[in-house]
Amino acid sequence: MKKQKNYPLYDVTPFSDIKEMLDIAVREAGDAIAFKFKSEDNTVIAKTYKEFYADVTALGCALTSLGLSGLHVACIGENSYNWVVAYLAMLGCSGVFVPVDKELPPDDIINIINNSDSEVIFYSGQYEKTFDENKDRLSGIHNFIGFDRAADDGQYLSFDTLLNQGRMLASADPSPFLNQKNDPHELKMLVYTSGTTGMAKGVMLSEHNLVSCVYYGLQISTVFDTCLSVLPYHHTYESVCGLLVSLHMHTTICINDKIRNVAKNLQLFKPAYIYLVPAFAEAFYKKIWQSAEDGKKDKALKLLIKISNALRTVGIDRRRKLFGTIHE
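Residues numbered from 1 in each chain as written. Predicted model: local features only at pLDDT ≥ 70, side-chain atom pairs only at ≥ 80, totals over all residues. Heavy atoms only, no water.

Asks: Sorry if this is basic, but what is going on with the overall build of the protein here?
Replies: In terms of helices and strands, the protein carries 14 helices and eleven strands. A compact globule built from 328 residues should have a C-alpha radius of gyration of about 20 Å, and the protein, at 22 Å, falls within 12% of that. Across its three principal axes, the protein shows a C-alpha extent of roughly 65 × 45 × 45 Å. Relative to its full complement of 328 residues, the protein shows a buried share of 43%. Intrachain contacts of the protein at a sequence separation of at least 6 include 64% that bridge at least 24 residues. Summed over all atoms, the accessible surface of the protein reaches about 17700 Å², with 53% contributed by carbon and sulfur. (Helix = DSSP H or I, 4+ residues; strand = E, 2+ residues; numbered from the N terminus. Rg over C-alpha atoms; globule rule 2.2 N^0.38 Å. Buried < 20%, exposed > 50% of the residue type's maximum accessible area, 1.4 Å probe, protein only. Contact = heavy atoms within 4.5 Å. Areas by Shrake-Rupley, 256 points an atom, 1.4 Å probe, with all protein chains shown as cover.)

Asks: Looking at this structure, how should I read a negative patch on the surface?
Replies: Negative charge collects at one region of the surface, where Glu40, Asp41, Asp148 and Asp160 lie side by side. Aspartate 148 sits in the exposed class, given a relative accessible area of 54%. (Patch = residues over 30% accessible without salt bridge, like charges linked within 9 Å, V, L, I, M, F, W, Y side chains within 5 Å. Salt bridge = Lys/Arg side-chain N within 4 Å of Asp/Glu carboxyl O. Lys, Arg positive; Asp, Glu negative; His and termini not counted. Charge placed at Lys NZ, Arg CZ, Asp CG, Glu CD.)

Asks: What is the right way to read the pairing of strand S11 (residues 252-255) from this model?
Replies: As a general feature of sheets, a regular strand has side chains that alternate between the two faces. Every second residue of S11 is oriented toward a common face, with Thr252 and Cys254 on one face and Ile253 and Ile255 on the other, all of them buried. Inspection of the sheet shows strand S1 (residues 33-38) paired to S11 by two bridges, in the parallel sense. The residue of S11 that forms the bridge with lysine 36 is cysteine 254. As judged from the four bridges shared by strand S10 (residues 226-229) and S11, these two strands associate in the parallel manner. By the bridge assignment for S11, cysteine 227 is matched with isoleucine 253. (Pairing = 2+ DSSP bridges.)

Asks: Explain unusual backbone geometry here, please?
Replies: Most peptide bonds take the trans configuration, and most residues that are not glycine carry a negative phi. You will see that histidine 250, though not glycine, has its phi angle at about 60°, which is positive. With respect to the secondary-structure elements, histidine 250 resides in the loop between helix H9 (236-248) and S11. If you check the backbone angles, lysine 270 has positive phi at about 50° while not being a glycine. Residue placement: lysine 270 occurs in the loop between helix H10 (262-269) and helix H11 (278-294). For lysine 270, a relative accessible area of 60% corresponds to the exposed category.

Asks: Hey, could you run me through the side chain of threonine 252 in this one?
Replies: Within the secondary structure layout, threonine 252 lies in strand S11. Take threonine 252: its relative accessible area is 13%, and that puts it in the buried class.

Asks: Got a minute to help me understand the pattern of salt bridges in this structure?
Replies: It is possible for side chains of opposite charge to pair when their charged atoms get near one another. All chains considered together, the criterion is met by nine salt bridges. With a shortest N-O distance of 3.3 Å, lysine 50 and aspartate 31 are connected by a salt bridge. Here aspartate 31 lies in the loop between helix H1 (18-29) and S1 and lysine 50 lies in helix H2 (residues 49-65), a separation of 19 residues in the sequence. Accessibility expressed as a relative area gives 62% for aspartate 31, which makes it exposed. The salt bridge involving aspartate 317 is made with arginine 319; its shortest N-O contact spans 2.8 Å. Looking at arginine 319, the relative accessible area reads 33%, which means it is partly exposed. One network of salt bridges, with partners in common, ties together Lys47, Asp55 and Arg167.

Asks: Would you explain the side chain of serine 308 in this entry?
Replies: Mapping serine 308 onto the fold places it in helix H12 (residues 298-312). Residue classification places serine 308 among the buried positions, given a relative accessible area of 3%. Setting aside its immediate chain neighbours within four residues, serine 308 contacts Arg319, Leu322 and Phe323.

Asks: Is there a simple way to explain the sheet that holds S10 in this structure?
Replies: Whenever strands of a sheet pair, they do so through backbone hydrogen bonds, lying parallel or antiparallel. Ordered by their spatial adjacency, four strands build an open sheet running S2-S1-S11-S10, and the pairing between neighbours is mixed. Where the open sheet ends on each side, the last strands, each with one partner, are strand S2 (44-48) and S10. Ignoring which end each strand starts from, the neighbouring axes of this sheet average 20° apart. This element, H2, spans S1 and S2 of the sheet and lies at about 80° to S2. (Axes fitted to C-alpha atoms, helices over the stretch in contact; angles between N-to-C directions.)

Structure, rendered in structure tokens:
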């Protein structure tokens with residue numbers, strides 16, 4: 001039996017909690033770009049690690065000042081920079097973060113909010129009507145924080161207004177937020193997965209779980225300088241591997257705005273890596289073959305694959321040249 005070769009582990013900076021992970025990132029790569037994303041007019045906005053850290057701290061200070069930092073806080077909406085700020089701020093607070101699938105029907109969304117004991121929810125504007133129409137079923141929610149809201153309106157708070165208030169609090173004294181300590185083995189994130197029967201079930205994750213995934217995962221598989229963040233953030237694959245792993249390695253996270261824009265954003269941001277699930281890879285694969293068939297080049301492509309495979313058996317790799325149009 002052939003003996004399997006053991007490869008050395010990657011060297012990964014250890015950290016004990018998410019706050020320390022961000023401290024390390026700011027100290028080692030403060031001026032590097034942490035995020036890139038498109039505004040409503042398609043202008044690309046860049047945020048450095050220092051700017052991201054400041055936004056997370058500001059939101060944490062604002063939540064703490066309102067007495068919300070120790071509660072169960074839900075979040076629903078499309079992938080966005082503000083979603084990530086809310087996520088990291090809550091991981092730094094003493095409360096529990098509850099990401100909710102944005103594709104769920106209203107009844108399922110309400111069930112998860114109630115089942116998770118959430119008392120605050122961050123949300124994209126499209127969900128405000130649902131919350132308004134079902135306020136009697138959401139009696140446990142004290143505050144709705146709208147990512148798209150321009151101003152506060154009773155229970156409905158503006159994310160931007162809250163962030164600006166937090167910046168003033170952080171400039172005066174950020175310690176009420178920064179000094180919050182968590183038991184690493186207590187509940188920190190409650191993620192709902194689709195059950196085979198009935199409603200989604202909540203999976204309980206501790207901060208120790210999150211830290212372990214990042215630290216030990218990076219020892220056996222590393223990432224590079226730029227990624228395209230595509231998968232929905234309520235999934236742990238993207239929220240932990242796609243976000244936390246990338247942040248600890250100080251890479252640039254480019255946020256994909258819409259699923260239909262993936263190919264366009266690959267061209268725009270030119271990522272070195274991307275996390276995908278099989279369905280995505282299958283869609284890319286089918287599109288390549290469909291394009292080849294439409295252009296009556298499928299037979300030529302099959303021949304090139306055979307040639308490429310034959311060359312690689314003798315150590316010659318010409319895939320970049322042979323399949324240049326596909327790479328492009």
